[in-house]
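# Architecture at a glance
One letter stands for each residue in the lines below.
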Amino acid sequence: MTPEETIRRALESEASTVDVRPDALSTIRARTRRRRTRAAVRVWLGAGMAVAAAVALIFAVDRPGPAPLPGSPTSTPTASAGASPTVAAGPLVAVYWSHDDRLVREFHRAAAADTPTDRVRAALALMFGTAPLDPDYTSAWPAGTAVRDVTVAGDVVTVDLGGATSPSALATQQLVWTVTAASTLPEVRIGAGGPVLRRAPAIDTLAPVWLINPQHDDVVRGGRVEVHVAGFAATARLDITPAVAGYPRDLTLAGGSPAQREAQLTLTVPPGRYTLTVTVAGGASDDHIVVVE
Amino acid sequence: MADRPHTRWDADEAVTHLFGAHYRPMVRLASLLLHERGIAEEIVQDGFVRLHARWHKLRDPDKALAYLRVTVVNGCRSALRHRKVVDAHLAASHPPPDAPSAEAGALALLTQAAVLDAIRRLPARQREAIVLRYYADLSEAEIAEAMGVSRGAVMSHAARAVAALRPILERLA
């Protein structure tokens, strides 16, 4: 391997461990809406001041004395700001689940967690203590598994499961992918004496395709559903029931990382309950129900 | 919306399209420059918000992508100047282990960890040149635009970075 290839592989390997928040586009949209509202307020205020100046001039000409103040313009921006989406409290934590012997990811709300140790505790509490949002997903770990302690030393997160051992390679990777996503550290041990574990290659571990957004049972207001698909293939088929004109349609997966590609689109539909199904060649699929209000 | 030519996209449509194609790679790029993921995502979101405001002037996905890169590189540079981030960066830069463990595949991972550690320790401009070249796969001209320097300066930063990395690369070869 040439030095350039070594650098390239090291950077790509590191970059591939970086997950992004599922609500990133919504966050950007909320900020651009706020910015637009502020701009509108500035225009409104500017116009208001011009009117006020004109009124003041008229009053100054017509009769001496103090000019009347224009009415408060703040009711309009307040009403506009009220249209911005409410951001739920608590950070989103990535939790990996099993789906057809591969891993898929969901984001769950957790209590505020500032340190890597707290984030890992929160993610594992969700992984061991709650059910996935999508009923098609499961945990590869047996019920009753519990975390006794989480410690971080250097790049290694040690998870004490009270002597419990992983029942399968997939369960091991479920824990490793969840812990590394939460800690942003690359290594994990199960028990103080356990071997150091890292993420197995994505192509061998993650589901061939999944719906990043919407998550199962999401409720979307305003009729616009942001659809975000991840997969390893070049294309994926998106179908919607009840039927929507133009679907099923083939999506081109691109960008993302060399290992996992993505597609994104905005679906505008009337209010209702829809099932979105994404499928790739070979038959692998993922479906989520979304309620549009 | 997907069928409209990009010249007719409004700012919301432009952000949606560019987000789908470039958001995650940009976060990863920022993360490599910073070694601090939470702030990396904030910086990239800032870039998209600025892009939204500027779309009426850009009107072109290629120009928009170049603009995003500039805002992300500048944002990372500013964040690194912040003492707290610098501290976190240094604290996260552990020296590589002395010897490979017996774990399967550990040698390759150890090599990657050592190379990443060496890249993190490069001066900011040299790290930018290396990450933009070998991770983002940009041309010299594109790197120069993203870094806001001349092509000659890019060559100089990259050459110094490779020279600084050479000992560790040779030792690992």
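Thresholds applied
- Residues numbered from 1 in each chain as written.
- Chains lettered and ligands numbered in written order.
- Predicted model: local features only at pLDDT ≥ 70, side-chain atom pairs only at ≥ 80, totals over all residues.
- Heavy atoms only, no water.
- Helix = DSSP H or I, 4+ residues; strand = E, 2+ residues; numbered from the N terminus.
- Buried < 20%, exposed > 50% of the residue type's maximum accessible area, 1.4 Å probe, protein only.
- Contact = heavy atoms within 4.5 Å.
- Areas by Shrake-Rupley, 256 points an atom, 1.4 Å probe, with all protein chains shown as cover.
- Axes fitted to C-alpha atoms, helices over the stretch in contact; angles between N-to-C directions.
- Left-handed = near helix turned anticlockwise from the far one by under 90°.
- Nonpolar A, V, L, I, M, F, W, Y, C, P; charged D, E, K, R; others polar.
- Buried area = accessible area lost by both parts, 1.4 Å probe.
- Salt bridge = Lys/Arg side-chain N within 4 Å of Asp/Glu carboxyl O.
- Polar contact = N/O pair within 3.5 Å; in protein donor to acceptor, adjacent residues only side chain to side chain.
- Expected span 1.5 Å × (residues − 1).
- Parallel < 35°, antiparallel > 145°, perpendicular 65-115°, else oblique.
- Pairing = 2+ DSSP bridges.

## Description of the overall build of chain B
A tally of regular secondary structure across chain B gives 8 helices and 0 strands. When the helices and strands of chain B are listed from N to C terminus, the series reads α-α-α-α-α-α-α-α. Looking at chain B residue by residue over its 173 residues, the buried ones come to 49%.

## Overview of the overall build of chain A
Of regular secondary structure, chain A possesses 6 helices and 13 strands. A buried classification covers 43% of the 293 residues belonging to chain A. For chain A, the proportion of contacts with a sequence separation of at least 24, taken over those separated by at least 6, is 61%. A total of about 14200 Å² of accessible surface is found on chain A, and carbon and sulfur atoms cover 58% of it.

## A look at unusual backbone geometry
A cis geometry characterises the amide bond from Asn213 of chain A onward to Pro214 of chain A, with omega recorded as 0°. Tracing the chain through its elements places Pro214 of chain A in the loop between strand S6 (209-213) and strand S7 (218-220). Following Thr241 of chain A, the chain continues to Pro242 of chain A via a peptide bond in cis, the omega torsion being -5°. One can find Pro242 of chain A in the loop between strand S9 (235-241) and strand S10 (249-252). If you check the backbone angles, Asp101 of chain A has positive phi at about 65° while not being a glycine. Even without a glycine there, the phi angle at Asp137 of chain B is positive, about 60°.

## Regarding the packing of helix H1 (residues 11-34) of chain B against helix H6 (residues 124-134) of chain B
Residues and elements named next belong to chain B. With their axes 10 Å apart at the nearest point, H1 and H6 run at an angle of 145° to one another. By crossing handedness, the relation of H1 to H6 is classed as right-handed. In this structure, H1 contributes Leu29, Leu32 and Leu33 to the contact, and H6 contributes Arg127, Glu128, Val131 and Leu132. Counted by class, the contact of H1 with H6 contains 5 nonpolar, no polar and 2 charged residues.

## Section: the interface of chain A and chain B
Contact residues are listed per partner, giving 45 residues for chain A and 42 residues for chain B. Both faces considered, chain A and chain B share a buried interface measuring about 4100 Å² in area, 60% of it formed by carbon and sulfur atoms. Viewed at the interface, chain B and chain A are joined by 4 salt bridges. Between chain A and chain B we count 9 residue pairs in polar contact (both at pLDDT 80 or more) in total. For the side of chain A that touches chain B, the element with the most residues is helix H1 (residues 3-15) of chain A, which contributes 12 residues. Considering only residue class, the side of chain A that touches chain B consists of 13 nonpolar, 15 polar and 17 charged.

## What to know about helix H3 (residues 61-81) of chain B
Between the first and last C-alpha of H3 of chain B there are 30 Å, a value that for 21 residues agrees with the 30 Å anticipated at 1.5 Å per step. A side-chain oxygen of the first residue of H3 of chain B lies 2.8 Å from the backbone nitrogen of Asp62 of chain B; this N-cap is Asp60 of chain B.

## Things to note about the pattern of salt bridges
By the definition in use, this model includes 17 salt bridges over all chains. Residue Arg8 of chain A pairs with Asp137 of chain B through a salt bridge whose shortest N-O separation is 2.9 Å. Of this pair, Arg8 of chain A sits in helix H1 while Asp137 of chain B sits in the loop between H6 and helix H7 (140-147), on two different chains. Salt-bridge contacts for Asp46 of chain B lead to Arg31 of chain A; the nearest nitrogen and oxygen are separated by 2.7 Å. Separated into two different chains, Asp46 of chain B in helix H2 (residues 37-58) and Arg31 of chain A in helix H2 (residues 24-62) make up a pair that spans both. Here the salt bridges do not stand alone but share partners, grouping Arg8 of chain A together with Arg133 and Asp137 of chain B into one network.

## Looking at the packing of H1 of chain A against H6 of chain B
With their axes 9 Å apart at the nearest point, H1 of chain A and H6 of chain B run at an angle of 90° to one another. Considering their axes alone, H1 of chain A and H6 of chain B lie roughly perpendicular with respect to each other. Across from Glu4, Ile7, Arg8 and Leu11 of chain A in H1 of chain A, the residues of H6 of chain B making contact are Ile130, Val131, Arg133 and Tyr134 of chain B. Per-class residue counts for the contact of H1 of chain A with H6 of chain B are 5 nonpolar, no polar and 3 charged.

## Overview of the pairing of strand S1 (residues 92-99) of chain A
In terms of burial, S1 of chain A is largely enclosed, as 7 of its 8 residues are buried. Hairpin connection between S1 of chain A and strand S2 (residues 102-109) of chain A: a loop of 2 residues separates the two successive antiparallel strands, and Asp100 of chain A in this loop has a positive phi of roughly 55°.

## Observations concerning the sheet that holds S6 of chain A
Strand order in the open sheet formed by 3 strands is S6-S8-S11 (chain A), and the pairing between neighbours is antiparallel. Taken across any chain shown, the strands that pair with only one partner, and hence form the sheet edges, are S6 and strand S11 (261-268) of chain A. Strand-to-strand twist in this sheet, taken as the mean axis angle between neighbours without regard to direction, amounts to 25°. The sheet contact formed by S6 of chain A and strand S8 (residues 224-231) of chain A spans 4 bridges and is antiparallel. The residue of S8 of chain A that forms the bridge with Val209 of chain A is Gly231 of chain A. Relative to S11 of chain A, H1 of chain B is tilted by about 155°, and along the sheet it contacts S6, S8 and S11 of chain A.

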